[in-house]
Every structure is written in structure tokens, then in C-alpha cells.
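Fold and geometry: a report
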Amino acid sequence: MKKIQMVDLKGQYSEIKDIVNPSIQEVIENTAFVNGPKVHEFQKNLETYLDVKHVIPCANGTDALQIAMMGLGLKPGDEVITADFTFAATVEVIALLQLTPVLVDVNADDFNINIEAIKNAITPKTKAIVPVHLFGQCANMEAIMELAKAHNLFVIEDNAQAIGANYTYADGTKVKAGTIGDVGATSFFPSKNLGCYGDGGAIFTNDDDLAHTIRGIVNHGMYERYHHDVVGVNSRLDSIQAAVLDAKLPLLDQYNNRRIEAANKYDAAFNGLENIVTPYRYGDIDNHVFHQYTLQVKGVDRDALVKHLNENDIPCGVYYPIPLHRQKAYVDERYNEADFEVTNQLVKEVISLPMHTELDDEQIHFITTTIISYLNE
């Protein structure tokens, strides 16, 4: 059995190097390293894939979230509601812009932001909601958009973990995650479902005016060289990363399907075990593209299980061990522990198993049998 990796980027590269290498070499030879033709090609191809009017590439996923908020004209003191159970980048950019983060609890089944918690958190100062499509599964965007419309709020989708996922409306209509709200943001960090070989990100919107504003923000506020019309930042996707992403984009659905197949095999192996809760899925199967495969373990010392897996050369992750409302940078007297019942439980129970496009049956069998044997001891 080959060595198990949490994310096997080397194995993935070995399959696509004949596509990726010439694409990178083309950039090196034409020396258009910043904002070159490859960036524009990737932008157009991603717009087509997502069926969205505007894709604005940028330097990373955190910048994508920050720039999206800047583009919407949010002001210091405006309240922005987001999930307590997620990576810190989501709340980090809110604080950086001197907006007021409002953290709320998540659902016990899919770990995504809870609709009732959003409703309870809305005040006259609330200006935006940031749903996070956690671990690759879409949040309940239909309900979120209805709520946002009723209260005249912006919706900024954090799509860093769910590129390529489909959201299915009640009437059966399907749209790509990240294209439903006013604006969406994603990351192309190497371990993502669509990852580059460095840092990268992008912003999506169907709003022409917002897209124009954001295009200026990512480039020092310039639409014409040395004419700074808005306050901007320096956040551009470099051409080599765009070349990698453009080579991988036609394979994204295949990559996501491989992840779904691996998740199905994990599910089957753990079926019926009372100590394990496998990832919840609702709607069509392509609503969840499994950036992570995250279990809940019940009545088990999660940290002892992590240690046991590591001792057996099985990598795993705990995403996330500390709620955002307890992180030193984001502690706030406004928060009541009783309002974070689900998140406070999840951080004790979640464990993410290896999940990537190169997982094979032998590896999955070893991972699952090692876990089941430990539980049966």
C-alpha cells in the first residue's frame, strides 16, 4: 500500500503533468507573469464553468472575502453575520475592515450556518450575511436569500471549500455554489478541490457595477494606469497560478466525483456504527463535493483516536478545535455560550479523514478498519 496522505498533490500532479508543465512553460516563455493572457483565459473559462457573468481573480481566498466586502461599500460598525464553526479567515476580514463580526451557531447535521440563529442575530446595524459552504456542502442558500431580501441585506458566499458544488432549489433548479449571493469568494490554495501551486483566489458576481468596482479594488483602485478612483489593494492572481488552474479546471468535475466516490466508500464502511456519525448530505449528491470528509465520534475520546491514527501512519485533521467566539482575537462580551450549543459540541467530536482525488480502495480499507478496530477494543 502506498503511503496515505491527507492530500496527495504529488499523486495528482503525476497524472496531469503533461498538461500542466507546458502551460507553465508557456507563461515562462512569454514572460507575462502578472495579469497575462493565461489569467484572462482562466477567468473566461471559469465564468463559463460557473455560469456567472464576472470572475475577478485575486491573490488568495482571504483577499477575495475582504475585497468582496470592500466592493459592497460596508462601513466600520456595520454588523456582518457569519458562522462560528469555520476557519478564522471568514471573521478575520470582517474585523480587519472594522466591521462588527456577529458569530452564530451552526446546524447539528450539516455544520452550516443555522437559519434561526441568523434571524435572531439581525439588528438595525446588520448589513450582510456570510454563509460558509463548509467542508464542500452548500449552506441553505434559498432560505438565506429570502431572509436577506426581507431585511435588505447583502449575501457574501464563502465558497473556499465548495468550488464545483451544485445547489438545488426547491423547484429543482441547479446553480453553482458561490454564484447565488450578491458576491462569492473562493480560494485556490493547493489543497482545495481546484487548487493551484501557490496562493490564489477569485471573486464571483452577476452584478455589473459591483464587478467594475472590484476590478479596480484588486489593482490599487486603478481603472486607468496611475488614476486611483477607489481605495484599493494589490491582489492579483499571477499568470503561472492561472496556467495551473486553467489546466486543472476541465478536470474539476472528475475530481469532485472521485471525492464523492471515496466518501461513499467511507460511508459504507462505517454504516451502522453507533459511535460514528458520517457526513450528512441533503438534496442531490453533487450538493456536497467533500473538500473534507468529517466524522463525528460519539462516546469516544476523539483526541485519543487522533493519536491512534497517527501511530498507524494515518493522517487526520481536527477542523476546527476551537470555536471562533472563544478565539482570543474574537472574544466578545456580547456572546452567550448557550447560543453556541452545537458548535461547542462539534469541536469535541469532529475528525476529518484523508480525502483527495488519489485515494484508493486499499487505503480506504486500511483507514476504516483501523478506526473500527479501535472502537471495538
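Calculation notes
Residues numbered from 1 in each chain as written. Predicted model: local features only at pLDDT ≥ 70, side-chain atom pairs only at ≥ 80, totals over all residues. Heavy atoms only, no water. Helix = DSSP H or I, 4+ residues; strand = E, 2+ residues; numbered from the N terminus. Core = buried A, V, L, I, M, F, W, Y, C linked by side-chain atoms within 4.5 Å. Buried < 20%, exposed > 50% of the residue type's maximum accessible area, 1.4 Å probe, protein only. Contact = heavy atoms within 4.5 Å. Pairing = 2+ DSSP bridges. Expected span 1.5 Å × (residues − 1). Bend = angle between axes of the 7 residues up to and from the residue. Right-handed = clockwise from strand over helix to strand, strands pointing away. 1 Å grid on protein atoms, 1.4 Å probe; cavity = no way out; pocket = protein on both sides within 12 Å on 5 of 7 lines; lining within 4 Å. Points joined across faces, edges and corners; volume = space filled by probe spheres on them. Nonpolar A, V, L, I, M, F, W, Y, C, P; charged D, E, K, R; others polar. Axes fitted to C-alpha atoms, helices over the stretch in contact; angles between N-to-C directions. Left-handed = near helix turned anticlockwise from the far one by under 90°. Patch = residues over 30% accessible without salt bridge, like charges linked within 9 Å, V, L, I, M, F, W, Y side chains within 5 Å. Areas by Shrake-Rupley, 256 points an atom, 1.4 Å probe, with all protein chains shown as cover. Salt bridge = Lys/Arg side-chain N within 4 Å of Asp/Glu carboxyl O.

Relative to the elements of secondary structure, glutamate 341 occurs in helix α11 (residues 341–349). With 319 residues separating them in the primary sequence, glutamate 341 and proline 22 have C-alpha atoms 51 Å apart.

Core analysis: the biggest nonpolar cluster contains 37 residues, and Ile81, Phe85, Val104, Ile118 and Ile144 have the highest contact counts within it. At the level of secondary structure, the elements contributing two or more residues to this core comprise β2 (79–83), β3 (100–104), α5 (115–121), α6 (141–151) and α11. The contact partners of isoleucine 144, leaving out residues within four places of it in the chain, are Ile113, Ile115, Ile118, Ile129, Pro131, Ala139 and Val155.

Think of a sheet as strands paired side by side through backbone hydrogen bonds, with each pair either parallel or antiparallel. Strands sit in the order β12-β13-β14 across an open sheet of three strands; the sheet is antiparallel. Only two strands of the sheet have a single partner each, and these edge strands are β12 (276–277) and β14 (350–353). In terms of strand pairing, strand β13 (residues 293–297) meets β14 through four bridges, oriented antiparallel. Within the sheet, the bridge partner assigned to tyrosine 293 lies in β14 and is leucine 353.

In this model helix α1 (residues 9–30) runs just 27 Å from its N-terminal to its C-terminal C-alpha over 22 residues, more than 12% under the 32 Å that 1.5 Å per residue would give. If you look at α1, its biggest bend is around 80°, right at isoleucine 16. Among the residues of α1, Gly11, Gln12, Ile16, Val20, Ser23, Ile24 and Val27 are the ones counted as buried. Where α1 is buried, its residues meet α2 (37–50), α8 (239–248) and α9 (252–270). Remark: threonine 31 follows α1 within two positions and exhibits a positive phi of approximately 60°.

A word on the pairing of β2. Where burial is concerned, most of β2 is hidden: five out of the five residues are buried. Note: β2 against β3, five bridges, orientation parallel. From the neighbouring strand, glutamate 79 faces β3, where its bridge partner is threonine 100. Once the chain exits β2 it traverses helix α4 (residues 89–96) before rejoining the sheet at β3, and the crossover so formed is right-handed.

Moving on, we come to the layout of surface pockets. The probe, sized like a water molecule, is rolled over the atoms to show the empty space still left. Considered as a void within the structure, the largest pocket measures approximately 550 Å³ in volume. As for the largest pocket, its lining consists of 26 residues, and the residues nearest its centre are Phe87, Ala160, Gln161, Ser187 and Lys192. At the level of secondary structure, the elements contributing two or more residues to the lining of the largest pocket comprise α3 (61–71), α4 and β8 (183–187). Considering only residue class, the lining of the largest pocket consists of 12 nonpolar, 11 polar and three charged.

What follows covers the packing of α9 against helix α12 (residues 361–376). Two elements in contact, α9 and α12, have axes whose closest approach is 10 Å; the angle formed by their N-to-C orientations is 35°. Pair α9 / α12 crosses with right-handed handedness. Touching Ala262, Lys265, Tyr266, Ala269 and Phe270 of α9 are Asp361, Ile364, Ile367, Thr368, Ile371 and Ile372, all from α12. Of the residues that constitute the contact of α9 with α12, the class distribution is eight nonpolar, one polar and two charged.

A cluster of nonpolar side chains, contributed by Ile28, Phe33 and Val34, occupies part of the molecular surface with about 250 Å² of accessible area. Examined against the element boundaries, phenylalanine 33 turns out to sit in the loop between α1 and α2.

Attention now moves to the side chain of asparagine 344. Residue position: asparagine 344 is located in helix α11. Exposure remark for asparagine 344: the relative accessible area of 10% places this residue in the buried category. Excluding residues that lie within four positions of it along the chain, asparagine 344 makes contacts with Pro323, His325, Arg326 and Glu337.

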